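Working through the structure, step by step
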Amino acid sequence: MGVVIQVRVNGKTRQHEVEPRLLFVHYLRDVLGLTGTHIGCETSLCGACTVLLNGKAVKSCTLLAVQADGAEVVTIEGLAALGGNGGLHPVQEGFWEKHGLQCGYCTPGMILAAVELLQANPKPKEEEIRRALAGNLCRCTGYQHIVDAVQFAAKKMAAGKR
Amino acid sequence: MATATRYIGRPLKRKEDPRLIQGLAHYVDDLRLPEMHYVAFVRSPHAHARIRSIDTTRAQTAPGVLAVLTGQDLDKAMGVIPCAAQLPEMKLALRPPLAKERVLFVGEPVALVVAADRYTARDAAELVEVEYEPLTPVVDPEKALAKGAPVLHPQYSDNVAYRWELEGGDVKAAFAKADKVIRQRMVNQRLIPVAMEPRAVVADYQPGENQLTVWSSTQIPHLLRTQIAAVLGVPEYVVHVIAPEVGGGFGSKLNVYAEEVLVAHLAMRLGKPMKWTESRRENFQATIHGRDQIATMELAVRRDGTILGLRCRILADLGAYYQLLTPLIPTLTGLMICGCYKIPAVRVEITGVFTNKMATDAYRGAGRPEATYFIERAMDLVAAELKKDPAEIRRKNFPQPKEFPYATPTGLIYDSANYQKSLDAALKKSNYRKLRAQQAKLRRQGRYLGIGLSTYVEICAMGPSSAMPAGGWESATVRVEPTGKVNVLTGASPHGQGQETSFAQIAADLLGLEPDDIRVVHGDTAVVPYGIGTFGSRATAVGGTAVYTALTKVRDKLAAIAGHILQEDPKRLVFRDRKIFLKSNPAKSLAFAEAVSAAYVAKTLPPGMEPGLEATHFFEPSNFTFPFGAHVAVVEVDAETGEVHLLRYVAVDDCGRVINPLLVDGQVHGGIVQSLGQAFLEEAVYDENGQLLTGELTDYAIPRAWDVPRLETARTVTPSPVNPLGVKGVGEAGTIGATPALINAVVDALAPFGVRHLDMPARRERIWQLIRRARQAGSRPTARRAGAGRDRRVR
C-alpha cells in the first residue's frame with residue numbers, strides 16, 4: 001500500500017516507499033533524518049517547516065511526501081552549498097551577523113523564505129522584506145534584526161555578483 | 001590583580017548561532033532512540049464533565065499499539081502535578097496527571113496511547129471511547145463568584161481560590177483629603193504564550209543503571225528533575241533531566257506538566273524509550289495561559305496632580321487547577337501596582353478564582369505587565385481629568401534619584417533609578433513637543449494622531465530566596481581543563497537569551513582569555529550543579545553573578561599559583577592576552593595555560609594548596625533588581641475604519657550595565673512586539689460552554705513582520721548595587737513597558753470622541769464602534785481617512 005517516491009534533497013537523490021498520508025516534513029525529519037526543518041503548527045501558519053521545493057519556499061507540514069515526488073528540494077542543511085563559496089550562505093551569515101535569531105526554532109524556515117525573496121527581488125525595501133516574511137512567525141526577535149539580516153545578505157549577494 | 005574590560009559591553013555575535021542557522025541544533029523532537037515509542041493523549045472535549053466510563057478495547061487491540069492507560073490505571077503509580085506557591089488560606093486545586101472522575105477544562109488529558117509511531121498513536125487515540133456526563137461550566141470569572149454558581153472543586157463551598165490583601169500607608173486619609181478620585185475598571189485579557197517550539201518530552205529508562213533520562217523542552221531542568229522524582233516516588237538520583245535546545249519559553253516552560261511526568265513514567269513502566277510532541281492545538285489548550293485579570297483602579301489625587309493614594313481590586317482568573325506558580329502571579333501585580341511613582345498609601349485586594357479553563361501562570365512579565373498597564377493607564381486618566389500633559393503628571397510623581405534605594409508602601413526596596421533621565425531621553429528622542437503640535441494640527445484637519453507614554457519599573461532578577469517559593473539563588477561552576485580551556489557551567493537554562501555568549505564575555509574578561517577559549521554549558525542535571533533556571537529576567541543578574549564570583553575564585557587561585565612560580569605578589573598580576581603577567585613589568589609573565597597546567601601537574605603549587613582548578617558558587621541575591629524605562633508610541637487612528645496605524649515606537653530602557661548590547665536590543669525588540677500582540681491582536685477566547693474558540697494560530701493572531709514598524713531604541717545606564725556586575729535584567733522589559741504606551745496612544749487619539757478608556761485587544765471593530773457611538777451621540781467631529789497610502793497596519 002506504500003507509494004514509491006523519488007526526491008532530490010540537497011543534491012542527493014532519495015527513493016523511498018512511503019504511506020500516502022505521510023507529511024513531507026515527517027519524511028524529511030523521520031525518514032531522511034533531516035531535523036533542521038521544524039514543525040511549529042501543522043497548519044501552514046507559522047512557517048517553521050519552510051523548505052525550497054523547485055526553488056519556491058513551501059511549507060512542508062501541509063505537503064504530502066507523495067506530492068514532492070520528482071521535486072528538487074533544499075533544506076537548511078543543504079543551504080550552505082547554494083551560497084557557492086564553501087562557507088555559509090549569505091542569508092545565514094546575515095542572521096548570524098545581525099542577531100536575527102534567539103531560540104532558533106523559526107530560523108531555518110525564516111532563512112529559506114528570505115532566500116526565496118532575494119532570488120526574486122535582490123534589492124528589497126524594508127517594507128517588501130516584512131511582507132515577504134509575513135508567512136513566517138517569530139516570537140523572539142520582534143523581526144527587526146531579521147529584517148537587518150536580510151538586508152545584510154542582499155548587500156553581500158549584490159557585492160558578490162559585481 | 002587587574003582585569004581589563006575588553007568583551008563586556010561589546011556587541012559580540014553569538015556563539016550559539018552556527019548550529020542554529022545550519023539546522024545542526026537538537027531540539028527534543030529531533031531526538032530518536034532505538035525502539036522509541038510515541039505517546040498520544042485523549043483529551044476532554046468538555047469544559048466540565050463527569051467521566052462515566054472509558055472503553056479502551058478498540059484502541060488496545062489496534063495494530064502497533066503497545067499500551068492504553070487511563071487515570072484509574074495510574075492511581076497508585078504517581079502523585080499530583082505540583083504547585084510551588086503557598087498563600088495564606090489558599091485552597092488546594094491539585095490535578096492528577098490523567099483525569100479520574102471529572103474533567104475541568106477542555107484539553108485535560110483523560111487517557112493516553114502508546115504506539116510504535118506517531119501516526120498510529122494518534123489514530124488509536126481516536127478509538128478510545130469516553131462517556132461523559134456534562135456539567136454546567138463556569139467560564140466568566142465574575143459569574144464564578146456568584147451565589148449558586150457551580151463549584152469546580154466540590155470539597156469547597158465556592159470558587160474562590162484565595163483572597164490576598166496588602167496595605168501600606170494611611171489609605172483612608174489619602175482618599176479623604178483627595179480633590180478627585182479617578183476610577184477605572186480595566187481588563188488585562190487572557191493570552192497564549194505561543195513559544196514557536198511546542199513542548200516535547202523524550203524519556204528513556206535503563207534498569208541496569210537505574211537511570212531515567214528525560215529530555216524536556218523546559219526552562220527549569222533541575223526543578224523538573226526534583227518534581228519528577230517526587231511525583232514518581234523514586235530517589236532523585238534516578239532521574240536525569242536534559243533541556244537540549246529549547247525553542248522559546250516565555251514562562252510557558254517554567255512549569256512541571258502532566259505530560260512530562262507521564263512520559264517519564266511510561267519509559268519506566270513499559271521499558272521502551274518514549275516520545276511525546278505537543279501539537280499546536282494541544283499547546284493552546286493545555287500549556288499555561290497568561291494574564292487574565294480584571295482590575296478596578298482608584299487613584300486619590302490632588303488638583304496639582306500629586307497622587308495621594310491608590311486602591312486596586314483585582315479579580316484573577318486562575319483556571320481550573322494550579323500549575324507551578326499559578327496563585328502567585330497576581331500577587332506580583334499587587335507588589336508592583338505603584339509603578340515608578342511615589343504613592344504614599346496603597347491598598348490592594350486580590351481574589352483568585354477557579355473557572356473551567358486552562359491554568360494561568362507565568363507568561364513573559366508575569367504579573368508586572370498587568371501592574372504596569374493598570375497604573376500607566378490610570379496615570380493617563382489622571383492627566384486627562386486634570387487636563388495636564390501625561391509626561392508632566394508622571395514627572396511630578398517620580399521619586400528623585402537621590403531617594404534610592406526607595407522603599408515602596410508595598411514593602412519593596414527599589415534598588416536604583418533615574419526615572420527623570422529615561423523620560424527626558426524618550427521625550428527628546430521622540431521629539432515629543434513637536435508631536436503634540438503635529439497632533440493639534442492634524443486634529444483640525446480631522447485626523448487622529450495619538451501619542452502614548454509609559455514610564456515603567458519592573459521587578460527582576462528573581463530573587464532573594466526569602467521571597468521566592470523555592471530558592472532564588474543561582475549556581476555556577478567554572479572548571480578549567482588542564483590544557484587551559486574553560487568550561488562555565490551555569491544553573492540557569494537559557495533558551496534563546498544568548499548566555500552562551502554573554503557568560504563567555506564575562507569569563508574572557510576576568511581570565512584574560514578570548515571568548516573562543518570558553519564553553520558555556522547548561523541544561524543538563526548530570527553535568528551542571530543544581531540550579532534554579534531561566535525566568536523572571538534572572539539569568540544574567542543572578543546566574544551571571546554566580547559565574548562572575550566562581551570566576552574570581554578561579555582567578556585568585558591561579559594568581560596564587562602564578563605568583564608562586566614567578567616569585568611575585570599575586571595582587572600585582574594582570575590577566576590578559578592569555579597570559580598572567582606583572583603589571584609593572586609585562587615581560588615577567590606566564591602563559592595562562594602554563595599556570596593552569598601547574599594546578600594539575602601539582603609539582604610547583606604553593607605549599608598546602610589543593611590541586612585542580614575548579615570553583616563553584618551559589619549566589620544568593622540580597623534584593624531584586626528594578627529595571628525601568630520610558631516608552632513613547634505614536635499611532636494614527638482611521639476614524640472611518642477604526643484601523644490603528646502604528647507610526648513610531650521609541651523605547652528608552654535602563655537595565656543597568658550591559659554585557660552585550662546586541663542581545664539587549666534583541667530582548668527589547670521581542671518584548672515590545674509581544675506587547676504589541678497583547679495591545680492589538682491577541683486574546684484567548686472561551687465561549688460560554690468553555691470551548692476555546694481561539695484554539696489554533698488560525699484564530700489567534702500573533703504579530704507578523706509587517707505588523708511592526710522599525711523600533712527606535714536607546715538606553716540609559718543606572719547600575720544595580722545588588723550585584724557586582726551592576727546588571728538588572730532585560731528579558732521582560734518590552735512586554736512590561738510597551739502595552740500601556742500603545743493603548744495610551746490609541747486612547748489619546750480617540751480623545752476628541754470622548755473616549756477615556758478601551759480594553760485590549762484594541763481591534764478595529766471595537767474602535768470603530770466607539771467612534772460611531774460618539775458620533776451618534778452628536779457634536780463630535782467628522783473625520784477624513786487617515787494614513788492614506790500606507791499599507792502597514794495593525795489588524
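Residues numbered from 1 in each chain as written. Chains lettered and ligands numbered in written order. Predicted model: local features only at pLDDT ≥ 70, side-chain atom pairs only at ≥ 80, totals over all residues.

Looking only at helices and strands, one finds 6 helices and 5 strands in chain A. The C-alpha radius of gyration computed for chain A amounts to 16 Å, which stays within 12% of the reference 15 Å derived for 162 residues, consistent with globular compactness. On the principal axes, the C-alpha backbone points of chain A span a range of 50 × 35 × 25 Å. By the burial criterion, 58% of the 162 residues in chain A qualify as buried. Long-range contacts, defined here as pairs at least 24 residues apart, represent 60% of the contacts in chain A between residues at least 6 apart. (Helix = DSSP H or I, 4+ residues; strand = E, 2+ residues; numbered from the N terminus. Rg over C-alpha atoms; globule rule 2.2 N^0.38 Å. Buried ≥ 20, exposed ≤ 12 C-beta atoms within 10 Å, placed from the backbone. Contact = placed C-beta atoms within 7 Å.)

On to the interface of chain A and chain B. It is common to give the size of an interface as the accessible area lost on bringing the parts into contact. Opposite the 41 residues of chain A that make contact, chain B presents 40 residues. Those elements giving two or more residues to the side of chain A that touches chain B turn out to be helix H2 (76-83), helix H3 (90-97), helix H4 (107-120), helix H5 (126-132) and helix H6 (144-161) of chain A. The greatest single-element share of the side of chain A that touches chain B, amounting to 4 residues, is contributed by H3 of chain A. For the side of chain A that touches chain B, a count of residues per class yields 21 nonpolar, 14 polar and 6 charged. (Nonpolar A, V, L, I, M, F, W, Y, C, P; charged D, E, K, R; others polar.)

Our next topic: the environment of leucine 224 of chain B. Residue and element names in this part refer to chain B. Relative to the assigned elements, leucine 224 resides in helix H6 (residues 221-232). With 29 C-beta atoms counted inside 10 Å, the residue leucine 224 sits in the buried group. Sequence separation of leucine 224 and valine 241 is 17 residues, and the distance between their C-alpha atoms is 7.4 Å. With sequence-adjacent residues up to four places away left out, leucine 224 is seen in contact with Ser216, Thr218, Val241, Val256 and Glu260.

Residue and element names in this part refer to chain B. With an omega of 0°, the peptide bond running from phenylalanine 404 to proline 405 counts as cis. Structurally, the position occupied by proline 405 is in the loop between helix H11 (390-397) and strand E17 (406-407). Following methionine 760, the chain continues into proline 761 via a peptide bond in cis, with omega recorded as -5°. Of note in this structure, alanine 461 is not a glycine but carries a positive phi near 55°. When you line up the elements, alanine 461 lands in the loop between strand E19 (448-457) and strand E20 (474-480). With 32 C-beta atoms packed within 10 Å, alanine 461 lands in the buried category. Positive phi outside glycine occurs at serine 537, with the angle close to 45°. Its location among the elements puts serine 537 in the loop between strand E22 (518-522) and helix H15 (539-566).

Residues Ala114 of chain A together with Leu112, Val113, Ala203, Ala507 and Val746 of chain B are the most contacted members of the largest nonpolar core, which totals 318 residues. Looking at this core, the element that brings in the most residues is H15 of chain B, giving 12 residues. In this structure, valine 746 of chain B is in contact with Gly450, Val635, Val637, Val644, Leu758 and Ala762 of chain B, ignoring residues within four places of it in sequence. (Core = buried A, V, L, I, M, F, W, Y, C linked by C-beta atoms within 7 Å.)

To continue, consider helix H10 (residues 368-386) of chain B. Residue and element names in this part refer to chain B. The terminal C-alpha atoms of H10, which comprises 19 residues, lie 27 Å apart, in line with the 27 Å expected from a rise of 1.5 Å per residue. Where burial is concerned, most of H10 is hidden: 16 out of the 19 residues are buried. Two residues or fewer after H10 comes lysine 387, characterised by a positive phi angle close to 55°. (Expected span 1.5 Å × (residues − 1).)

Moving on, we get to H6 of chain A. Relative to the 26 Å expected for 18 residues at 1.5 Å per residue, H6 of chain A spans 26 Å between its end C-alpha atoms, a close match to the ideal helical length. Here H6 of chain A has its buried residues at Gln144, His145, Ile146, Val147, Asp148, Ala149, Val150, Phe152, Ala153, Ala154 and Met157 of chain A.

A few words now on the domain arrangement of chain B. All names here are of chain B. Per the domain assignment, the segments making up chain B are domain 1 (2-24 + 463-619), domain 2 (31-135 + 194-286) and domain 3 (417-453 + 625-795). At the interface, 8 residues of domain 2 touch 9 residues of domain 3. Residue classes in the side of domain 2 that touches domain 3 are distributed as 4 nonpolar, 2 polar and 2 charged. (Domains from an automatic or database assignment.)

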